[in-house]
Amino acid sequence: MKQNILKNNLLHLLPITLFLVLWEIAGQTAQTPLFPPLSKVIEAFGSLLRNGMFLKGIVASFGRVLIGYILGSSAGLFVGIIMGVNKTAERSLRPLISILFPIPTLGWLPLLMLWIGINEALPVALIFICAFFPVSYNTLTGIKEVKEEYIKAARTLGASSWYTLWHVILPMASPNIFTGLRLESGMVWRTVIAAEMFAIPTGIGALLMNAESLIRVDVIMVCLVVLSIMCSTFERFFLWLERRTTGAWR
């Protein structure tokens, strides 16, 4: 068992290690500021940490992501549940969601800049939109996939509508719900970075744009690596939470 775990860990680490080694070698060979080696990128990361610029940027971006994601996913869950258990609400809201869902999140940016202005509410609104539609759609899909005989059996045994919802419908729909939450947990980071690059003077996205104007490729690479880590961490957290809560039902 331990050998299998060690083997899997090595298989995971080997490509990453090889990539980092090749990056360092290629950067040292190129000898150009447009393609710095890994060691220079690490130096740039240390410098950003020391002067506090990076910490301020990541805190600003993280706060926007957290607020927008919590609000958007909560609203998506609520609307998805309402549509899933109420056919009138589904007939009323589903066509609207079906029309708005395909619009790319960043497609709302010019309109929101006019409506909201360039302020802290702008990236939060974009993240809200990014999380709301997929979560509501996955919640509705999950509820609709619950077999009717399970619901009828619960009601036959005397379960109330609320009890059936919380103890039968939502647990059985939770795999779909968590899938929506997990997929969008990474997407919201891409959204906030794009919003900061175009409209907000603070955050990781703004740091990226400033680095581009100064031709600081090492700083750009630092931001991209950190963005990748944040997206992966959020997705892995929800994957872990999904397995802990829905593993038995799956």
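Concerning the environment of Glu-24
Counting through the fold element by element, Glu-24 comes out in helix α1 (residues 2-30). Residues Glu-24 and Thr-179 lie 155 residues apart in sequence; the distance between their C-alpha atoms is 37 Å. Beyond its immediate stretch of four places on either side in the chain, Glu-24 contacts Pro-37, Leu-38 and Ser-39.

Some remarks on the packing of aromatic side chains
Evaluation of the coordinates by the stated rule reveals 11 aromatic pairs. With 6.0 Å between their ring centres and 80 degrees between their planes, Phe-62 and Phe-234 make a pair best called edge-to-face. Of this pair, Phe-62 sits in helix α3 (residues 53-85) while Phe-234 sits in helix α10 (residues 217-246); the two residues are 172 residues apart in sequence, bridging distant segments of the chain. Among the aromatic side chains, those forming a connected cluster through ring pairs are Tyr-69, Phe-237, Phe-238 and Trp-240.

A short note on the environment of Pro-15
Along the chain, the position of Pro-15 falls in helix α1. The class for Pro-15 is partly exposed, based on a relative accessible area of 48%. Once the C-alpha coordinates of Pro-15 and Val-135 are considered, the two residues, 120 residues apart in sequence, prove to be 33 Å apart.

Topic: the state of the cysteines
Scanning the model with the defined rule gives 0 disulfides in all. You can see Cys-130 has no disulfide; the closest cysteine sulfur is in Cys-231, sitting 10 Å from it. Its sulfur unpaired, Cys-223 is 13 Å from the next cysteine sulfur, which belongs to Cys-231. Classification of Cys-223 as buried rests on a relative accessible area of 0%.

Description of the nonpolar core
Residues Phe-54, Val-188 and Trp-189 are the most contacted members of the largest nonpolar core, which totals 43 residues. Residue assignment for this core shows that the elements contributing at least two residues are α2 (38-51), α3, α6 (121-144), α8 (161-198), α9 (204-213) and α10. Discounting residues that sit within four places of it in the chain, Val-188 has contacts with Val-65, Tyr-69, Ile-127, Cys-130 and Ala-131. Core analysis: the next-biggest nonpolar cluster, separate from the first, contains 16 residues, Val-79, Met-83, Leu-112 and Phe-132 among them.

As for the side chain of Asn-176
Turning to its location among the elements, Asn-176 is positioned in helix α8. The class for Asn-176 is buried, based on a relative accessible area of 19%. Residues within four places of Asn-176 in sequence aside, it is in contact with Asn-138, Thr-141, Gly-142 and Glu-145.

Points about the packing of α3 against helix α4 (residues 87-100)
Close contact between α3 and α4 brings their axes to 6 Å; oriented N to C, the two are set at 130 degrees. Judged on the interaxial angle alone, α4 and α3 are oblique. When you trace α3 past α4, the crossing you get is left-handed. Across the interface between the two elements, Val-79, Ile-82, Met-83 and Val-85 from α3 touch Lys-87, Ala-89, Glu-90, Leu-93, Arg-94 and Ile-97 from α4.

Quick look at the pattern of salt bridges
By the definition in use, this model includes 5 salt bridges. For the salt bridge of Glu-196 with Arg-64, the shortest nitrogen-to-oxygen distance reads 2.6 Å. Of the two residues, Glu-196 sits in helix α8 while Arg-64 sits in helix α3, which places them 132 residues apart along the sequence. A residue is classified by how much of its surface remains accessible, and Glu-196, at 1% relative accessible area, is buried. Notably, a salt bridge pairs Glu-90 with Lys-144, separated by 2.9 Å at the nearest N-O pair. Within this pair, whereas Glu-90 is found in helix α4, its partner Lys-144 is found in helix α6, the two being separated by 54 residues in sequence. Assessed through its relative accessible area of 38%, Lys-144 is described here as partly exposed. Members of the salt-bridge network, linked through shared partners, are Arg-64, Glu-120 and Glu-196.

Each value, and the rule that gives it
- Sequence order as written defines the numbering, with residues in each chain counted from 1.
- Local features are withheld for residues below a pLDDT of 70 in this predicted model, meaning they are given only at 70 or higher, and side-chain atom pairs are given and counted only at 80 or more; totals for whole chains, interfaces and linings count all residues.
- Hydrogens and water molecules were not included; the side-chain quantities draw on all heavy atoms of the structure.
- Every helix listed is a DSSP run of H or I at least four residues long, and every strand listed is a run of E at least two residues long, numbered separately from the N terminus.
- Any pair of residues with heavy atoms lying within 4.5 Å of one another is described as a contacting pair.
- Here is the rule: rings of Phe, Tyr and Trp (six-membered ring for Trp) pair when centre to centre is within 6.5 Å. Planes less than 30 degrees apart are stacked, more than 60 are edge-to-face, and the remainder are tilted.
- Three exposure classes are used, based on accessible area relative to the maximum for each residue type with a 1.4 Å probe and protein chains only: buried under 20%, partly exposed in between, and exposed over 50%.
- Our working definition of a disulfide is a cysteine sulfur pair at a distance within 2.5 Å.
- Think of a nonpolar core as a cluster: buried Ala, Val, Leu, Ile, Met, Phe, Trp, Tyr and Cys residues, connected wherever their side-chain atoms sit within 4.5 Å.
- For every element, the axis is a line fit to its C-alpha atoms; helices are fit only across the contacting stretch, and the angle between N-to-C directions ranges from 0 to 180 degrees.
- Should an angle lie under 35 degrees it is considered roughly parallel, over 145 roughly antiparallel, and from 65 to 115 roughly perpendicular; all remaining angles are considered oblique.
- Left-handed is the label given to a crossing in which the near helix is rotated counterclockwise from the far helix by less than a right angle, and right-handed is the label when the rotation is clockwise.
- The term salt bridge refers to a side-chain nitrogen of Lys or Arg lying within 4 Å of a carboxyl oxygen of Asp or Glu.

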